[in-house]
Amino acid sequence: MKRSEVEERLKWDTSSIYTDDEGFYKDIEEVKALVEELKKFKGKLTSDLETFKKYLKLEEEFSRKMEKAYVYSSLRSDEDTTVAKYQEMSQVAQNTYVYAASELAFISPEILSTDEKIIDKYLEDPEISYLKHHFEDKFRAKDHVLDAKSEAILAAFGKLKNNPQNTYMIFNNADLSFPSVEKDGEEVKISNANFVTLQEDPDRDFRRKVYEKYYETYRQYSNTLASTLDGEFTAHNVEAKLRGYKSAREMSLFANNIPEEIYDNLLEVIHDNADIHRDYTTLRKEYLGVDDLGFHDIYVPLVEDYDRQIDFDEAKEIVLEAIKPLGEEYVKVAREGFEKRWFDVMPNEGKRSGAYSSGSYDTQPFILLNHTNTINDVFTIVHELGHSMHSYYTRSTQPYAYGSYSIFLAEIASTTNELLLLNYMLEHSQSEAETKYLLNYFVNQFKSTVFRQTMFAEFEHKVNKLVENAEPIPAERLHGIYKELNEELFGKDIKVDDYIAAEWARIPHFYMFYYVFQYATGFMSAVALSQKILHGTDTDREAYLGFLKAGESEYPIEVLKKAGVDMTNKKAMESAMEVARKAMKDLRAAIL
């Protein structure tokens, strides 16, 4: 449908940001003026307390206006990408941001070149004393910031550093072409977009042909892709050495102050509990009734198609019931979110695909959906609402400097909401088929988000250690590492062949460098927190709301500890594994 045909109540309310587009352009001009004002502070940012305070006030005003304008332009652009004026508006916002970042690049080096004792003295002033943690975090990096000339050289190589990732993305998304496979007298062309769907086809011989052709294509280019991966990892390792880190992994985790032991603990816990994933492989083999289970069988649904239709209004009521364990205030705010049009609900011509949560410190949350009345769409609603509620509580509680949250914590609130919904829907399941669907959904979340992402994390770490030690990583070596990890994770009931050994070449996350482990730790944390919310005390639930409100006022590990989850030891991870083990047992009982 066209956007003009969508009910107003099902569109997000961008007028809450600006009543018209002129408001956007007015703020853009004010942002540019603020940049010019901030440039006058160059060389004297920390010269005295009053100058420092004036800079802080101006910098916050600039950042808040820039973010607000950026959010507005992206929302208007995404709601209908065919409208040229909003594509232009989005470009204006991006260009302004790039210009500002370039003009104000002097700020961080100048602050970090100041004696920390001087900043500490300034922060005794009651007006800015709340920023102590903010500057403590900034100065953590001081030993890894180079002199101005060296930093300029590194910055000049920024585009070169990004080339491996950019090259891979262009190759994988635009240049790579897959062959076709015949089905029912017609040629079906394989693509990255339809691969999983084709692997769900009931025709096993067709699935096998698709699988083999797909991975044969990646193997054909695996030497080139091994080179781009080597370039990606080498760039991070070179920078880590120049900045004085012990390793590239330490540099990557340093940004969020994450101890490396968490990464190692995750790998150990998954190794210790790999039997859960192997049991899932065995269950799949038994359910499908095959003697030679292969990787072309792993996407075949273990439950019958379940197509309960749930429109947005019904989905809203289900979600509001599911989150009731979080308390009246949480539900009240969420209900207001539905009423105040946080959501852009329906698909329309030109609308961006997928779903996300957005917003800035000075706007309400905004949630993009493409609701098609499926049960999966209900999970999408509650997931994105989790993000938005996290943002709402953080921004309502914290000053601007702490008004966001670390990427290490970003998926926890959304996943916690999903688990609350799952619990509610299982308790109120309308049929045996729905129960099977939900149990399979839960187990698949563990399989894809915890086990699979941790396998990716281990592959990434093994390869990075080779690069760190100046060892070559040709394609055949990468195939061998990846194949061995699959053999350990999947077990003896599936044939780990040379096709799946090339899967590493199709995974874009390896160009995000030490990122994927956070999917697993986030899910495990959400499991622990949802258990406390459902079966714990009022104190546990208050602690969770405190987690939502904390923002960046403390380091992420400490924020999570106060919510009752300590990721520096293995207990929370092991507890999540027990939940996974029970879910597997329940699924087996339901489908066999």
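Residues numbered from 1 in each chain as written. Predicted model: local features only at pLDDT ≥ 70, side-chain atom pairs only at ≥ 80, totals over all residues. Heavy atoms only, no water.

Named according to an unreviewed UniProt entry, the chain is Oligopeptidase F originating from Anaerococcus lactolyticus S7-1-13. Reading the Function (unreviewed entry) entry of the UniProt record for the chain gives the comment "Has oligopeptidase activity and degrades a variety of small bioactive peptides." (UniProt positions renumbered as here; feature names shortened; annotations may be inferred.)

Asker: Help me understand the packing of aromatic side chains, please; the structure alone is not making it clear to me.
Answerer: Aromatic ring pairs are described here by two measures, namely the spacing of the ring centres and the angle between the planes. For the coordinates displayed, the defined rule picks out 44 aromatic pairs. Considering the side-chain rings of Tyr18 and Tyr72, the 4.9 Å spacing of their centres and the 80° angle between planes classify their relative orientation as edge-to-face. Placement of Tyr18 in the segment before helix 1 (21–39) and of Tyr72 in helix 2 (residues 49–79) is noted, with a sequence separation of 54 residues between them. Exposure remark for Tyr72: the relative accessible area of 1% places this residue in the buried category. Centre to centre, the rings of Phe195 and Tyr215 are 5.8 Å apart; their planes meet at 85°, and the pair counts as edge-to-face. Taken as a pair, Phe195 in helix 9 (residues 195–199) and Tyr215 in helix 10 (residues 204–220) lie far apart in primary sequence, 20 residues in all. Residue class for Tyr215 comes out buried when judged on its relative accessible area of 2%. Of the aromatic side chains, those joined through ring pairs into one cluster are Phe178, Phe195, Tyr211, Tyr214, Tyr215, Tyr218, Tyr299 and Tyr499. The ring of Phe254 carries Arg140 above its face, with NZ or CZ at 4.2 Å from the centroid. The ring of Phe206 has Lys183 sitting right over it, with the charged end atom 5.0 Å from the ring centre. (Phe/Tyr/Trp six-rings, centres within 6.5 Å; stacked < 30°, edge-to-face > 60°. Helix = DSSP H or I, 4+ residues; strand = E, 2+ residues; numbered from the N terminus. Buried < 20%, exposed > 50% of the residue type's maximum accessible area, 1.4 Å probe, protein only. Lys NZ or Arg CZ within 6 Å of the ring centre and 35° of its normal.)

Asker: Quick question: what am I supposed to make of the sheet that holds strand 4 (residues 356–358) here?
Answerer: Sheet strands associate in pairs through backbone hydrogen bonding, adopting either a parallel or an antiparallel arrangement. Ordered by their spatial adjacency, three strands build an open sheet running 3-5-4, and the pairing between neighbours is mixed. What marks the edges here is a single partner per strand, and that holds for strand 3 (343–344) and strand 4. Inspection of the sheet shows strand 4 paired to strand 5 (residues 366–368) by three bridges, in the antiparallel sense. Bridge pairing links Ser358 to Phe366 in strand 5. (Pairing = 2+ DSSP bridges.)

Asker: Teacher, can you tell me more about the UniProt feature "domain: Oligopeptidase F N-terminal" (unreviewed entry) in the chain here?
Answerer: Here the UniProt feature "domain: Oligopeptidase F N-terminal" (unreviewed entry) sits at residues 110–178. Here residues 110–178 is 67% helix and 0% strand, with 51 Å between the C-alpha atoms at its ends.

Asker: Help me understand unusual backbone geometry in this model?
Answerer: Trans is the common state for peptide bonds, and a negative phi is the common state for residues other than glycine. A positive phi angle is found at Asn373, which is not glycine, with a value near 75°. Notably, Tyr514 is not glycine yet its phi reads approximately 55°, a positive angle. For Tyr514, the position within the fold is in the loop between helix 20 (475–490) and helix 21 (517–535). The exposure class of Tyr514 is buried, given its relative accessible area of 3%.

Asker: Quick question: what am I supposed to make of the pattern of salt bridges here?
Answerer: Any two side chains of opposite charge can pair if their charged atoms end up close together. A full pass over the atoms with the stated rule returns 61 salt bridges. Asp21 is the partner of Lys85 in a salt bridge, and the nearest nitrogen-oxygen pair spans 3.5 Å. You can see Lys85 sitting in helix 3 (residues 84–103) and its partner Asp21 sitting in helix 1, a full 64 residues away along the chain. Here Asp203 ties to Lys183 by a salt bridge, and the two come within 4.0 Å at their closest N and O atoms. Taken together, the positions of Asp203 in the loop between helix 9 and helix 10 and Lys183 in strand 1 (residues 180–183) put the pair 20 residues apart, joining distant regions of the chain. Through salt bridges that share partners, Arg3, Asp21, Arg76, Glu79, Lys85, Asp344 and Lys351 make up one connected network. (Salt bridge = Lys/Arg side-chain N within 4 Å of Asp/Glu carboxyl O.)

Asker: Honestly, the domain arrangement of the chain in this entry has me stumped. Any pointers?
Answerer: One frequently used descriptor of interface size is the decrease in accessible area upon assembly of the parts. The domain boundaries assigned to the chain delineate domain 1 (3–145), domain 2 (160–304 + 437–511) and domain 3 (307–425). Between the C-alpha centres of domain 2 and domain 3 there is a distance of 29 Å. Listed per partner, the contact involves eight residues of domain 2 and 10 residues of domain 3. Carbon and sulfur atoms supply 72% of the area that domain 2 and domain 3 bury against each other, a total of about 810 Å² over both sides. The largest contributions to the domain 2 side of the interface with domain 3 come from Tyr437, Leu438 and Tyr441, which together make up 55% of the buried area. Run the count over domain 2 and domain 3 and you get zero salt bridges. Joining domain 2 to domain 3, the criterion identifies three residue pairs in polar contact (both at pLDDT 80 or more). Residues of the side of domain 2 that touches domain 3, tallied by class, amount to six nonpolar, two polar and no charged. (Domains from an automatic or database assignment. Contact = heavy atoms within 4.5 Å. Buried area = accessible area lost by both parts, 1.4 Å probe. Polar contact = N/O pair within 3.5 Å; in protein donor to acceptor, adjacent residues only side chain to side chain. Nonpolar A, V, L, I, M, F, W, Y, C, P; charged D, E, K, R; others polar.)

Asker: Please explain the environment of Ile473 as it appears in this structure.
Answerer: Positionally, Ile473 belongs in the loop between helix 19 (432–468) and helix 20. Assessed through its relative accessible area of 6%, Ile473 is described here as buried. Taking the C-alpha atoms as reference, Ile473 lies 48 Å from Glu36; in sequence the two are 437 residues apart. Residue contacts for Ile473: discarding those within four places in its chain leaves Ala226, Leu229, Asp230, Val463, Leu466, Val467 and Leu478.

Asker: Explanation requested: the nonpolar core in the structure shown.
Answerer: Burial of nonpolar side chains together is a common tendency in soluble globular proteins. Core analysis: the largest hydrophobic core is formed by 146 residues, its most contacted members being Phe343, Leu385, Phe459 and Trp504. Looking at this core, the element that brings in the most residues is helix 19, giving 16 residues. Viewed by domain, this core spans two of them, domain 2 (160–304 + 437–511) and domain 3 (307–425), each represented by three or more residues. Setting aside anything within four residues of it in sequence, one finds Phe459 in contact with Leu229, Leu478, Ile481, Tyr482, Leu485, Trp504 and Phe510. In terms of nonpolar packing, the next biggest core, distinct from the first, is built from 40 residues, Val35, Ala100, Leu123 and Phe135 among them. (Core = buried A, V, L, I, M, F, W, Y, C linked by side-chain atoms within 4.5 Å.)

Asker: Would you explain the packing of helix 14 (residues 274–288) against helix 24 (residues 571–591) in this entry?
Answerer: A pair of packed helices can be characterised by two numbers: the angle between their axes and the separation between those axes. Interhelical geometry of helix 14 versus helix 24 gives an angle of 10° and a closest axis separation of 10 Å. Of the possible angle classes, the one that applies to helix 14 and helix 24 is roughly parallel. In this structure, helix 14 contributes Asp275, Ile276, Asp279, Tyr280, Thr282, Leu283, Glu286 and Tyr287 to the contact, and helix 24 contributes Met577, Ala580, Arg581, Met584, Leu587, Arg588 and Ile591. Split by residue class, the contact of helix 14 with helix 24 holds nine nonpolar, one polar and five charged. (Axes fitted to C-alpha atoms, helices over the stretch in contact; angles between N-to-C directions. Parallel < 35°, antiparallel > 145°, perpendicular 65-115°, else oblique.)

Asker: Teacher, can you tell me more about the side chain of Asn256 here?
Answerer: On the secondary structure map, Asn256 appears in the loop between helix 12 (248–254) and helix 13 (260–272). Residue Asn256 is classed as buried on the basis of its relative accessible area of 19%. There is a polar contact of 3.2 Å between the side chain of Asn256 and the side chain of Ser406. In this structure, Asn256 is in contact with Ser406, Ile407, Phe408, Gln518 and Pro556, ignoring residues within four places of it in sequence.

Asker: Teacher, can you tell me more about the packing of helix 11 (residues 222–242) against helix 19 here?
Answerer: Relative orientation of the contacting elements helix 11 and helix 19 amounts to 65°, with a least axis distance of 10 Å. The chirality of how helix 11 crosses helix 19 is right-handed. Of the residues in helix 19, those in contact with Leu229, Asp230, Phe233, Thr234, Asn237 and Lys241 of helix 11 are Phe459, Glu460, Val463, Asn464, Val467 and Glu468. In the contact of helix 11 with helix 19, the residues fall into five nonpolar, three polar and four charged. (Left-handed = near helix turned anticlockwise from the far one by under 90°.)

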